[in-house]
Amino acid sequence: MGCCSSAAQSSKREWKPLEDHSCTDVPWLLLFILFCVGMGFICGFSIATGAAARLLSGYDSYGNICGQKNVKVEGIVNSGLDLTHKKYVFFLDPCNIDLVHQKIKSLALCVSACPRKELKTLADIQKFAETNGSTLCSYELQPSEYTTDPAAAKLCPKYPVPESAPIPFFHRCAPVNISCYAKFAEALITFVSDSSVLHRLISGVMTSKEIIMGLCLLSLVLSMILMVIIRYISRVLVWILTILVILGSLGGTGVLWWLYARERISASAVETQIAKDNLQALLIYAIAATVFTVILFLIMLVMRKRVALTIALFHVAGKVFIHLPLLVFQPFWTFFVLILFWAYWITVLLFLGTTGSPVPNEEGFVEFRMVGPLKYMWWYHLVGLIWISEFILACQQMTVAGAVVTYYFTREKRNLPFTPILASVNRLVCYHLGTVAKGSFIITLVKIPRMILMYIHTQLKGKENACARCMLKACICCLWCLEKCLTYLNQNAYTATAINSTNFCTSAKDAFVILVENALRVAAINTVGDFMLFLGKVLIVCSTGLAGIMLLNYQRDYTIWVLPLIIVCLFAFLVAHCFLSIYEMVVDVLFLCFAIDTKYNDGSPGREFYMDKVLMEFVENSRKSMKEAGRGGGAEGRELKPMASGASSS
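Residues numbered from 1 in each chain as written. Predicted model: local features only at pLDDT ≥ 70, side-chain atom pairs only at ≥ 80, totals over all residues. Heavy atoms only, no water.

For the overall build of the protein, give the residues involved together with the corresponding values.
Helix and strand counts for the protein come out as 19 helices and eight strands. Out of the 650 residues belonging to the protein, those deemed buried represent 46%. When the accessible surface of the protein is summed, it comes to about 33,000 Å², and 67% of that surface belongs to carbon and sulfur atoms. (Helix = DSSP H or I, 4+ residues; strand = E, 2+ residues; numbered from the N terminus. Buried < 20%, exposed > 50% of the residue type's maximum accessible area, 1.4 Å probe, protein only. Areas by Shrake-Rupley, 256 points an atom, 1.4 Å probe, with all protein chains shown as cover.)

Residue-level account of the nonpolar core, with values.
One recurring pattern in soluble globular proteins is that nonpolar side chains are buried together. With 63 residues, the main nonpolar core has Leu327, Val586 and Leu590 as its most contacted residues. Considering each element in turn, this core owes the most residues, 18 residues, to helix H17 (residues 562–600). Among all residues touching Val586, those that are not within four sequence positions of it are Ala317, Val320, Phe321, Leu327, Val400 and Val404. In this structure, Tyr62, Phe128, Ala129 and Cys137 belong to the second largest nonpolar core, which totals 31 residues. (Core = buried A, V, L, I, M, F, W, Y, C linked by side-chain atoms within 4.5 Å. Contact = heavy atoms within 4.5 Å.)

Can you break down empty space enclosed by the protein residue by residue, with the values?
Inspection of the entire model under this criterion finds four cavities of 30 Å³ or more. In this structure, the largest cavity occupies an estimated 60 Å³ of space. In terms of lining, the largest cavity is formed by Phe90, Phe91, Pro94, Val161, Pro162, Ser164, Cys173 and Pro175. Elements with a minimum of two residues in the lining of the largest cavity: strand S1 (88–91) and strand S6 (173–175). Broken down by class, the residue content of the lining of the largest cavity amounts to seven nonpolar, one polar and no charged. Volume-wise, the second largest cavity comes out at about 40 Å³. Along its surface, the second largest cavity is lined by Met398, Gly402, Ser424, Arg427, Leu428, His432 and Ala498. Of all elements in the fold, only helix H12 (377–408) and helix H13 (420–459) reach the threshold of two or more residues within the lining of the second largest cavity. Split by residue class, the lining of the second largest cavity holds three nonpolar, three polar and one charged. (1 Å grid on protein atoms, 1.4 Å probe; cavity = no way out; pocket = protein on both sides within 12 Å on 5 of 7 lines; lining within 4 Å. Points joined across faces, edges and corners; volume = space filled by probe spheres on them. Nonpolar A, V, L, I, M, F, W, Y, C, P; charged D, E, K, R; others polar.)

Give me the lowdown on a nonpolar patch on the surface, citing residues and values where you can.
Among the surface-exposed residues, Leu326, Phe329, Phe332, Trp333, Phe336, Val337 and Leu340 lie close enough to one another that they form a single nonpolar patch of about 720 Å² accessible area. Overall, the relative accessible area of 48% leaves Phe336 in the partly exposed class. (Patch = residues over 30% accessible without salt bridge, like charges linked within 9 Å, V, L, I, M, F, W, Y side chains within 5 Å. Salt bridge = Lys/Arg side-chain N within 4 Å of Asp/Glu carboxyl O.)

So what's going on with unusual backbone geometry? Residues and values would help.
With the exception of glycine, most residues fall at negative phi, and the peptide bonds are largely trans. In the Ramachandran plot, Asp25 falls in the positive-phi region, its phi being about 55 degrees despite a non-glycine side chain. Tracing the chain through its elements places Asp25 in the segment before helix H1 (26–48). A residue is classified by how much of its surface remains accessible, and Asp25, at 10% relative accessible area, is buried. One non-glycine residue, Asn78, adopts positive backbone phi at about 65 degrees. Along the polypeptide, Asn78 turns up in the loop between helix H2 (51–57) and S1. Relative accessible area serves as the criterion here: at 19%, Asn78 is assigned to the buried category.

Describe helix H3 (residues 122–132), listing the residues and the values that go with them.
The set of residues buried in H3 consists of Leu122, Ile125, Gln126, Phe128 and Ala129. Angularly, the buried residues of H3 cover 160 degrees about the axis, an arc narrow enough to put them on a single face. Facing away from the buried surface of H3 by more than 90 degrees, the exposed residues are Lys127, Glu130 and Thr131. Looking at the buried positions of H3, the neighbouring elements they touch are helix H4 (152–155). Immediately downstream of H3, the backbone of Gly133 shows phi near 70 degrees, a positive value. (Arc of directions from axis to C-beta.)

I'd love a proper account of the packing of aromatic side chains, names of residues and values included.
Going through the model one piece at a time under the given rule, you end up with 13 aromatic pairs. Centre to centre, the rings of Trp28 and Phe441 are 5.3 Å apart; their planes meet at 45 degrees, and the pair counts as tilted. With Trp28 in helix H1 and Phe441 in helix H13, this pair connects stretches of sequence that are 413 residues apart. Accessibility expressed as a relative area gives 23% for Trp28, which makes it partly exposed. With centroids separated by 5.2 Å and ring planes inclined at 75 degrees, the aromatic side chains of Phe32 and Trp387 adopt a geometry described as edge-to-face. (Phe/Tyr/Trp six-rings, centres within 6.5 Å; stacked < 30°, edge-to-face > 60°.)

Go over the packing of helix H11 (residues 330–353) against H12, please, and point to the residues and values.
Running from N to C, H11 and H12 cross one another at 170 degrees; their axes reach a closest spacing of 10 Å. For the element pair H11 / H12, the angle class is roughly antiparallel. Among the residues forming the contact of H11 with H12, the class breakdown is 17 nonpolar, eight polar and no charged. (Axes fitted to C-alpha atoms, helices over the stretch in contact; angles between N-to-C directions. Parallel < 35°, antiparallel > 145°, perpendicular 65-115°, else oblique.)

Please give an account of the state of the cysteines that cites residues and values.
The full count for this structure, using the stated rule, is three disulfides. Each sulfur of the disulfide joining Cys66 and Cys110 lies 1.9 Å from the other. Taking the torsion about the S-S bond as the criterion, the Cys66 to Cys110 disulfide, at about -80 degrees, is left-handed. Here the residue Cys66 occupies a position in the loop between H2 and S1, and Cys110 occupies one in strand S4 (residues 108–111), the gap between them amounting to 44 residues. Exposure class is identical for Cys66 and Cys110. Each is buried. Here Cys114 engages in a disulfide with Cys173; their sulfurs sit 1.9 Å apart. Taking the sign of the S-S torsion, -80 degrees for the link of Cys114 and Cys173, the bridge is left-handed. Of this pair, Cys114 sits in the loop between S4 and H3 while Cys173 sits in strand S6; the two residues are 59 residues apart in sequence, bridging distant segments of the chain. Relative accessible area serves as the criterion here: at 6%, Cys173 is assigned to the buried category. (Disulfide = S-S within 2.5 Å.)

An account of H1 is requested, with residue identities and associated values reported.
Between its first and last C-alpha, H1 extends 33 Å over 23 residues, near the 33 Å set by a 1.5 Å rise per residue. Within the span of H1, buried status applies to Leu29, Phe32, Phe35, Gly38, Met39, Ile42, Cys43, Phe45 and Ser46. (Expected span 1.5 Å × (residues − 1).)

How would you explain the pattern of salt bridges if you had to name every residue and give the values?
Per the stated rule, a full pass over the model turns up five salt bridges. Salt-bridge contacts for Glu483 lead to Lys447; the nearest nitrogen and oxygen are separated by 2.6 Å. You can see Glu483 sitting in helix H14 (residues 466–500) and its partner Lys447 sitting in helix H13, a full 36 residues away along the chain. On the accessibility criterion, Lys447 (14% relative accessible area) is buried. Here the residues in one salt-bridge network are Glu390, Lys447, Arg450 and Glu483, joined through shared partners.

This is the structure in structure tokens:
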């Protein structure tokens, strides 16, 4: 691992950035490795018990795996058959879906081929069997008996048999026309009480799919442009964003009210359901945009005196991205690793769904169920999803923190490592995986109870009384707030670990003390910085939404563009968040480094600042403003006084 033991920690210790590296939280790393071994055991167990074959090849209602010879299941007729030449699972009634258990309630058989055209009568089913050698009726019924045996009505598929095709890699015959699944889809969308509304919404999405794709591409381009602006003109970025957001919010609100007024005039002449829906949607959008604009103006009015603090921090963050350009790609690597893990997790979950021992059900067919302690593997697998996902996200936070800390506490930027990102990854792997495992486990401990309460709230929806519903929502809200606070503290703990190579608890304590001592700095620098990045996300969403309104407005006569606009705005926000989340993380790390620097250094010989010249100018200006405010008692001095107190007291 690159080391043997962690360094001893004293009760009072000075910060020594990048001077010592030692292993941290080794027992938690061993615990995490053991947990991952358990996850691997679940995967191996599900494959060894035949779940992989049942999942990929499929099995019939009698427990036979399609495409191979099978073993007889005691007490089950038609089990133990040789189905080597019957490789596809065929459901006699594929549209009979159990909405409660979310599965197809139909007899399943193994067949040689899926019906590639609609079969309307038993005679067509018989002809298909004689022509293709694929018997679609139960095994005990011969093709010659399809039209003569009275039991054929129950043992043969419900006709007309829809045209179907095998699902790639999973050997299931699925109807080509999925209209029979519309009932299931509509049941999942609980807010739709009238199926015609669902059909109109879906038609609106399908009609506007080219516009939706173009707008999604526009949001990606705008996010990249904003990253370029942040990187090269960070000094004026705050004012640019402020002006653009003001103009964008005012313009978007004005356009919505203008479209609503025009639509109301035209709707009075043409009375159609689509026109009424669009008019109502425009009114809702216009009112929401007006409320949002008013709230935004009030927040910006309160924050106006602290904009200068954000400018200095953003300027340094822009330099970080100039020296560390690979930081921009961190979300993509993290997302790629998460996708790989989630694909593995879902695959194992599907394996678990078909693992276990064959057990006869009430209808005389076979189901595979796990008995004894093995049935709790589901819970272990679920905890693994949360813990490992949080571990991957925490690795990203530690990597970014390590790279930014290296940049900040390197006095001569020419002496930076060739690739600070790879150097940070190397330190993470060699020394700090245990700290990341411990921090992610703490988040998991909070996330699991919240998910359980959310599941209980969903299951009891409409059944519990008002008091119980209120208590459940309050508990869920409190756990959510606790999770966000712990996530923020964890990120700062990772930064402290990257600086001093201390274990998680020590780093969290040190970071918490620094944050408490600089509470007003947190509000003035960190919060304002995050708010300005939020304004950048708002700018991208508003710009994309405004373009969507103008483009989709040309289709208002024959389609509903409520859902397309929502899809576009959500995608734009996700893309902007993906790009700006790393910038937000860099700002948070820089703030903690800045707070530590001003606490333990004062610029005197032997205690020189590590900070950039821009932040040093900010500290000096804060000192001057504080002195002037002390003489004049001005409000501006009182505003800036907390910002320089750490530097002056050192």
